[in-house]
Every structure is written in C-alpha cells, then in structure tokens.
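This is what each chain is made of:
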Amino acid sequence: AAKLSADGSRFLYATYLPGSMLSASAIAADAHGNAYVVGMTKDSHAYITKLSADGSTFPYTRVLSGANFEVASAVAVDPAGNLVVAGETGSTDFPVSSSAVQITLAGVENAFVTKLDPAGNVVFSTYLGGAEREISNAVQIDSAGQIYVAGSTTSADFPATTGAFQPAPVVPLWSQGPAGFIAKLSADGSTLEYASYVMSVDGVASLAVN
C-alpha cells in the first residue's frame with residue numbers, strides 16, 4: 001500500500017501488507033488519513049486491515065471467514081470511522097448476524113456486506129443473493145449511514161424488492177443470465193430498503209451517492 005502527496009509528485013509512504021495477505025482488492029481513506037485495505041488472505045478468506053495515517057502501524061486487522069472461501073472486494077468509510085466492506089463468499093457458516101437481512105447462503109456463492117465500528121469490531125454481517133452467484137463490486141455509505149452495494153448476479157431469484165425499477169431478471173442477448181444488481185440496506189443491516197436488477201454487460205462496477 002502506498003500514499004502519494006496531493007500533487008502526486010512523491011510517495012509519503014509505501015509499505016508491504018502483513019504476510020498473511022495474498023491480494024488487495026480495494027482501499028479507502030478516512031478523514032484523518034488512515035487507510036483501510038481489503039482483499040483475500042493466503043488461506044482464501046476476506047480481510048480488512050487499517051493502516052495509520054503515516055503508514056507506520058496496522059491498528060487492526062480483521063479476518064472474515066467460514067469453512068469455504070471469502071474475498072473482500074469493496075470498502076467504504078463514513079465520517080465517524082465506521083467501515084463497510086462487501087465481497088463474496090461460498091461458506092454456509094459465514095459469521096452473519098442474527099438480525100441480518102439474509103442469514104443463510106442461498107446459492108453457490110453470495111455477496112456479503114459487513115459493517116465494522118471505528119475500533120474494528122463487527123456491527124453486523126449479512127449474505128445477499130439468490131440461488132446462483134453474486135459478486136460485490138462496489139459499496140458506499142450515505143450521510144444517514146445507509147449502505148449501498150452493487151455488483152453482478154447470475155441468480156433468477158435475486159431478492160429484488162417490490163417497486164424496484166427492475167424487479168424481475170432480464171437476460172440480455174449477450175448473456176445466459178441476469179447481469180447486474182444494486183441494493184440499499186439500512187444502517188443496522190436489518191432491512192433491505194430496496195434491491196433491483198440492473199441491465200448491464202458485466203454487472204455494476206462502481207457507485208456514487210450524494
């Protein structure tokens with residue numbers, strides 16, 4: 001991981017990540033300059049590691065794991081330092097919360113959404129998906145703490161909500177299944193505010209919220 005000066009002319013720091021980390025998928029920075037890196041460990045589980053503003057220490061590292069595999073692919077941080085990470089898992093025993101929107105793995109591989117507090121403690125964690133495969137590509141948090149996640153799906157029964165702009169799957173001519181999804185979760189992860197299919201080539205790759 002590396003931090004550049006505001007004008008991009010020099011490195012303020014560059015550091016290796018801890019040795020247990022196999023890959024890094026995404027990074028976000030908070031208002032104090034701390035960085036949060038997510039990806040997959042060498043034993044195929046999702047991780048989140050916090051890097052201090054000067055790059056000298058890792059205040060915390062959390063691993064999210066079940067019996068199969070996990071990878072974290074997107075991360076966002078709010079002004080209070082709460083963190084949301086999204087990814088995908090094939091584990092039936094992924095550590096979800098009892099009040100989560102989806103407490104069981106519905107398919108071969110579902111997306112997951114996990115929220116951590118500023119100290120790195122898990123606030124909630126949930127599956128999100130249908131009977132086939134979902135991959136999370138992007139996550140954002142709005143000013144009210146509500147969470148937006150987007151990615152790709154091959155499930156004909158992705159949990160799209162009534163009134164969504166595309167509640168039913170549409171299979172494009174270039175594909176054998178639905179392509180994209182977008183969903184909004186409540187700040188505590190207990191409610192799926194809305195979820196919709198999105199017609200796209202490879203799913204939804206990025207998100208922006210006001």
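Residues numbered from 1 in each chain as written. Predicted model: local features only at pLDDT ≥ 70, side-chain atom pairs only at ≥ 80, totals over all residues. Heavy atoms only, no water.

J.: Could you clarify how one ought to interpret the overall build of the chain in this entry?
T.: Scanning the chain for helices and strands turns up zero helices and 14 strands. Shown N-terminal to C-terminal, the secondary structure of the chain runs as helices and strands in the order β-β-β-β-β-β-β-β-β-β-β-β-β-β. When the 210 residues of the chain are sorted by exposure, 52% land in the buried category. Just so you have it, the chain exposes about 9500 Å², and 54% of that area is on carbon and sulfur atoms. (Helix = DSSP H or I, 4+ residues; strand = E, 2+ residues; numbered from the N terminus. Buried < 20%, exposed > 50% of the residue type's maximum accessible area, 1.4 Å probe, protein only. Areas by Shrake-Rupley, 256 points an atom, 1.4 Å probe, with all protein chains shown as cover.)

J.: What is the right way to read the nonpolar core from this model?
T.: For soluble globular proteins, nonpolar side chains are generally found buried alongside one another. The biggest cluster of nonpolar side chains holds 19 residues, and the ones touching the most others in it are L128, V139, I147, V149 and A183. Elements with a contribution of two residues or more to this core: β7 (70-77), β8 (83-89), β9 (110-116), β10 (122-128), β11 (134-141), β12 (147-153), β13 (180-185) and β14 (192-198). (Core = buried A, V, L, I, M, F, W, Y, C linked by side-chain atoms within 4.5 Å.)

J.: What is the right way to look at the sheet that holds β8 in this model?
T.: Strand pairs in the sheet, formed through backbone hydrogen bonds, run parallel or antiparallel to each other. Strands sit in the order β7-β8-β9-β10 across an open sheet of four strands; the sheet is antiparallel. Edge positions in the sheet fall to β7 and β10, since each of these pairs with one other strand and no more. Neighbour to neighbour, the strand axes of the sheet diverge by 20° on average, direction disregarded. By the bridge criterion, seven bridges tie β8 to β9 in an arrangement that is antiparallel. Looking at the pairing, V84 lines up with K115 of β9. (Pairing = 2+ DSSP bridges. Axes fitted to C-alpha atoms, helices over the stretch in contact; angles between N-to-C directions.)

J.: Can you help me understand the packing of aromatic side chains in this one?
T.: Centre-to-centre distance and the angle between the planes together describe a pair of aromatic rings. Counted according to the given criterion, the structure contains four aromatic pairs. Here F94 and F112 contribute two aromatic rings whose centre-to-centre distance is 4.8 Å and whose plane-to-plane angle is 35°, an arrangement assigned as tilted. In this pair, F94 is assigned in the loop between β8 and β9 and F112 in strand β9, connecting sequence segments 18 residues apart. The burial state of F94 is the same as that of F112; both residues are buried. Taken together, a centroid distance of 4.8 Å and an interplanar angle of 35° make the contact between F158 and F181 tilted. Here F181 lies in strand β13 and F158 lies in the loop between β12 and β13, a separation of 23 residues in the sequence. Judged by its relative accessible area of 4%, F158 is buried. A relative accessible area of 0% places F181 in the buried class. Clustering of aromatic rings is evident, with ring pairs tying together F94, F112 and Y127. (Phe/Tyr/Trp six-rings, centres within 6.5 Å; stacked < 30°, edge-to-face > 60°.)

J.: Any chance you could explain the environment of A35 here in plain terms?
T.: With respect to the secondary-structure elements, A35 resides in strand β4 (residues 35-41). Separated by 18 residues in the primary sequence, A35 and A53 have C-alpha atoms spaced 6.8 Å apart. In contact with A35, not counting residues within four places along its chain, are Y13, I27, A28, A29, T49, K50 and L51. (Contact = heavy atoms within 4.5 Å.)

J.: Would you mind going over the pairing of β10 with me for this structure?
T.: The side chains of a regular strand alternate, residue by residue, between the two faces of the sheet. Most of β10 sits out of view: five of its seven residues are buried. Alignment of β9 against β10, held across six bridges, turns out to be antiparallel. Note that in β10 the partner of V113 across the bridge is T126. Taking the residues that link successive antiparallel strands as the turn, the β9-β10 hairpin has five residues, and the phi of G120 there is positive, at about 90°.

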